[in-house]
Amino acid sequence: MAVNWGGVAGMIVFYLLILAIGLWAARRTRGHGKDTEHAMVGDRGFGWRVGVLTLIATWVGGGFINGTAEVVYTSGLVWAQAPWGFSLSFIVNAFFFAEKMRAANYVTVIDPFSIKYGAKMGGILFLSALMGELLWCATILTALGSTMSVILDIDRYLSVIISACVATLYTFVGGLYSVAYTDIAQLTVVFFGLWLCFPFAVTNPASASIAANSDLWVGEWDNKYVGVWLDNALLLIMGGVPWQAYFQRALSTKSPKHAKYMTLVASAGCIIVSIPAYLMGAVGATTDWSAVEINLNQTNPADDPSIVLPAIIQYLTPPAVAFFGLGAISAAVMSSTDSSILSSTSMFVRNVYRNVFRPKASDLELMITMKITLVAVAAIATILALTADSIYSLFILCGDVVYVSLFPQLVCVVHMEKSNTYGSVLGLIVGLVLRIGGGEPTLNLPPFIYYPFYSESDGQLFAFRTLAMLCSLVTCIVGSLITDAIFRRGWLDTKWDIFRCFEDHAGVSDIGAKNTIELQNDVSNDEKGSVNPAFKSEKEN
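Residues numbered from 1 in each chain as written. Predicted model: local features only at pLDDT ≥ 70, side-chain atom pairs only at ≥ 80, totals over all residues. Heavy atoms only, no water.

1. Some details on the overall build of the protein chain
- Scanning the protein chain for helices and strands turns up 20 helices and zero strands.
- A burial count over the protein chain gives 60% of its 541 residues as buried.
- Here the analysis covers contacts within the protein chain between residues at least 6 apart in sequence; of these, 84% occur between residues at least 24 apart.
- For the protein chain, the accessible area works out to roughly 21200 Å², and carbon and sulfur atoms hold 66% of it. (Helix = DSSP H or I, 4+ residues; strand = E, 2+ residues; numbered from the N terminus. Buried < 20%, exposed > 50% of the residue type's maximum accessible area, 1.4 Å probe, protein only. Contact = heavy atoms within 4.5 Å. Areas by Shrake-Rupley, 256 points an atom, 1.4 Å probe, with all protein chains shown as cover.)

Here it is, written out as structure tokens:
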């Protein structure tokens, strides 16, 4: 089959439109070219409309859409946990973290760690956050590559590279504002594009009734896997909390209350937008693919489940409708790709480059570093995407990384007054050892800890990720309390306080005090009442 040049032309128009919106948003925010904080959180002026839509668009990426259809097709609805799991993570954030983080005027999710535990520990925890962001971005780009290779019959490597370059370009120019405004356009395309495709796909002659054949897509429940199911569910809910992509938006809102309530609304929005992905997965499971005329040079979904959504769009809908479906997936991909790239860049520049290596760096130096880092992050994520296999496996793995290593740390640093660097280090080590010990099939990593119910054929059946997270949390709490008592009660001289947590014997470490002062000095002018003109139309309710 020759390249679908009509579809290619349409995608070029779509990409140019998104790029134009991104560049337009960048023009509206001129005058802040050397202000890195402006690029990271704007002027904290997000109102209801922009805030809610950009939150939903960030979460609903290619992995969210393609991955959901893939797992409904292969394993059934009961195992398609990612959409509702990640959506529930918004509720956890809304009630336990959003208001506190926004009230403290943080810029990144790593800020509280750098302030309380010191810049070096913040840098270490940044690595966990970075790994999650990179895997997430790779998941998204992988979804797009498989989609374009099926619908447009173009090389998936080329499509991944072009998409990454477009998202990087407008993010490079406009920072958070460009990302936010393009999110609105992309979310609109995602929602209407997928719903437009569904009626044509479900009524295709090759598709059986999804209502009458629910046994094909609901999935089978086996009590043997209850531990795995619970582990995945908690991983998605709690592991979806400590993401810079989320906090970048929550911390850009007008007030702590805005951060909380916009997050709750966005949670419901994510569930709504995921419905057509579930339905398309059901269509794929009830379709007789042997009756579908698939191009000779294309892979059958039965052989490669990761392409089931683009295959449905390509072969079960008319060409004109398929174009809008491709636009929907591409929009979902780009809306999350730009967010992930900007999130990783923001954390590195603020919490590693500035705090660890160049505390006295000028705004111009930081902005240049941010531009260079943004390109580097995009390149790394693209390379990962080009070497990935299963979309859904990557989607789960990226949440896995932050669930064990970062979530318990965030709970302690935000809600535990006496938490300190000693507890943080101990908790991180315990969590990682227990998690890595369970092995990881996606990375061909064999286990060296065999948890209860382990099976050679099925692997770990115990909720070992959750166990690792809880052990990390308990270790962090107990370790902090013990070291706090040891040094404050004089049981050990402070000369042995290698992390300098108790030097003043008054509850505030030199590191914490210094970083707190620096953070207060970094608060942008909007906290004193000014709001960037780009968001003055967003009236606060």
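2. Focus on the confidence of the model for the protein chain
- Predicted confidence across the protein chain gives a mean pLDDT of 82, with 84% of residues reaching 70 or more.
- Segment residues 505–520 is flagged for pLDDT under 50; beyond a separation of four residues in sequence, or across chains, it makes 29 contacts in the model.
- Across residues 523–541, where pLDDT falls below 50, the model places 41 contacts with residues more than four positions away in sequence or in other chains. (pLDDT = per-residue confidence, 0-100.)

3. Focus: the environment of S405
- With respect to the element layout, S405 can be found in helix α16 (residues 391–405).
- The class for S405 is buried, based on a relative accessible area of 2%.
- For the pair S405 and G427, spaced 22 residues apart in the sequence, the C-alpha separation amounts to 8.4 Å.
- Here the side chain of S405 touches S128 through a polar contact of 3.2 Å, side chain to side chain. (Polar contact = N/O pair within 3.5 Å; in protein donor to acceptor, adjacent residues only side chain to side chain.)

4. Re unusual backbone geometry
- Look at F453: it is not a glycine, yet its phi comes out positive at around 70 degrees.
- Summarising the element assignment, F453 is placed in the loop between α18 (421–437) and α19 (464–488).
- Under the relative-accessibility criterion, F453 is labelled exposed at 62%.
- The phi dihedral of R500 is positive, around 55 degrees, even though this residue is not glycine.
- Of note, R500 is situated in the loop between α19 and α20 (510–522).

5. Quick look at the packing of aromatic side chains
- Following the criterion strictly, the structure yields 18 aromatic pairs and no others.
- Between Y422 and F487, the ring centres sit 5.8 Å apart and the planes meet at 25 degrees, which makes this aromatic pair stacked. Highlighted residues: Y422 in helix α18 and F487 in helix α19, separated in sequence by 65 residues.
- Owing to a relative accessible area of 11%, Y422 belongs among the buried residues under this scheme.
- By relative accessible area, F487 is classed as buried at 4%.
- Ring plane angle 15 degrees and centroid distance 6.3 Å describe the contact between Y451 and F462, whose orientation is recorded as stacked. Pair noted here: Y451 is in the loop between α18 and α19 and F462 is in the loop between α18 and α19, with a separation of eleven residues, a long-range link.
- Each member of the aromatic cluster is reached from another via a ring pair, and the members are W59, F86, F90, Y246 and F247. (Phe/Tyr/Trp six-rings, centres within 6.5 Å; stacked < 30°, edge-to-face > 60°.)

6. With respect to the side chain of S267
- Along the chain, the position of S267 falls in helix α12 (residues 256–285).
- Accessibility expressed as a relative area gives 5% for S267, which makes it buried.
- With sequence-adjacent residues up to four places away left out, S267 is seen in contact with S87, L88, F90 and I91.

7. Structural notes on the nonpolar core
- In this structure, F97, Y246, W289 and L410 are the most contacted members of the largest nonpolar core, which totals 144 residues.
- Apart from residues lying up to four places away in sequence, L410 is in contact with F97, V109, F113, V241, P242 and F247. (Core = buried A, V, L, I, M, F, W, Y, C linked by side-chain atoms within 4.5 Å.)

8. Structural notes on the environment of L176
- Along the chain, L176 turns up in helix α9 (residues 156–202).
- Taking the C-alpha atoms as reference points, L176 and R249, 73 residues apart in sequence, are found 8.6 Å from one another.

9. As for the pattern of salt bridges
- Tallied over the entire structure, the rule returns twelve salt bridges.
- D111 is paired through a salt bridge with R350; the nearest N and O atoms lie 2.9 Å apart. Taken together, the residues D111 in helix α7 (residues 111–117) and R350 in helix α14 (residues 319–357) connect sequence positions 239 residues apart. The pair formed by D111 and R350 is uniform in burial state, with each residue classed as buried. (Salt bridge = Lys/Arg side-chain N within 4 Å of Asp/Glu carboxyl O.)

10. Topic: the packing of α18 against α19
- Taken N-terminus to C-terminus, the directions of α18 and α19 make an angle of 155 degrees; their axes are 7 Å apart at the nearest point. The orientation of α18 with respect to α19, classified from their angle, is roughly antiparallel. Helix-helix and strand crossings are classified by hand; for α18 and α19 the assignment is right-handed. Along its contact with α18, which presents Y422, G423, S424, L426, G427, L428, V430, G431, L434 and R435, the element α19 presents F464, R465, A468, C471, S472, T475, C476, G479, S480, T483 and F487.
- Partitioned by chemical class, the residues of the contact of α18 with α19 number ten nonpolar, nine polar and two charged. (Axes fitted to C-alpha atoms, helices over the stretch in contact; angles between N-to-C directions. Parallel < 35°, antiparallel > 145°, perpendicular 65-115°, else oblique. Left-handed = near helix turned anticlockwise from the far one by under 90°. Nonpolar A, V, L, I, M, F, W, Y, C, P; charged D, E, K, R; others polar.)

11. Some thoughts on α19
- Across its 25 residues, α19 extends 35 Å between first and last C-alpha, which sits within 8% of the 36 Å expected from 1.5 Å per residue.
- Directly beyond the C-terminal end of α19, a positive phi value near 75 degrees is found at G490. (Expected span 1.5 Å × (residues − 1).)

12. Quick notes on the packing of helix α5 (residues 82–96) against α12
- Running from N to C, α5 and α12 cross one another at 175 degrees; their axes reach a closest spacing of 8 Å. What the angle tells us is that α5 and α12 run roughly antiparallel. Together, P83, W84, S87, L88, F90, I91, N93, A94 and F95 of α5 and K260, T263, L264, A266, S267, C270, I271, S274 and Y278 of α12 make up the contact between the two elements.
- By residue class, the composition of the contact of α5 with α12 is twelve nonpolar, five polar and one charged.

13. Quick notes on the environment of L134
- As for its placement among the helices and strands, L134 is situated in helix α8 (residues 119–151).
- Placed 246 residues apart in sequence, L134 and I380 show a C-alpha to C-alpha distance of 7.5 Å.
- In this structure, L134 is in contact with V377, I380, A381 and L384, ignoring residues within four places of it in sequence.

14. A look at a nonpolar patch on the surface
- A grouping of I429, L432, V433, I436, L443, L445 and F448 is seen on the molecular surface, where their side chains present a nonpolar patch of about 640 Å² in accessible area.
- Looking at the secondary structure, you find L445 in the loop between α18 and α19.
- Overall, L445 belongs to the partly exposed group, its relative accessible area being 37%. (Patch = residues over 30% accessible without salt bridge, like charges linked within 9 Å, V, L, I, M, F, W, Y side chains within 5 Å.)

15. A short note on the state of the cysteines
- Counted according to the given criterion, the structure contains zero disulfides.
- Here C412 is not cross-linked by a disulfide; its sulfur's nearest cysteine counterpart is in C476, at 3.5 Å.
- Overall, the relative accessible area of 1% leaves C412 in the buried class. (Disulfide = S-S within 2.5 Å.)

16. Focus on helix α17 (residues 407–415)
- Of all nine residues that make up α17, seven are buried, and the element is covered over most of its length.
- Those residues of α17 not exposed but buried are F407, P408, Q409, L410, C412, V413 and V414.

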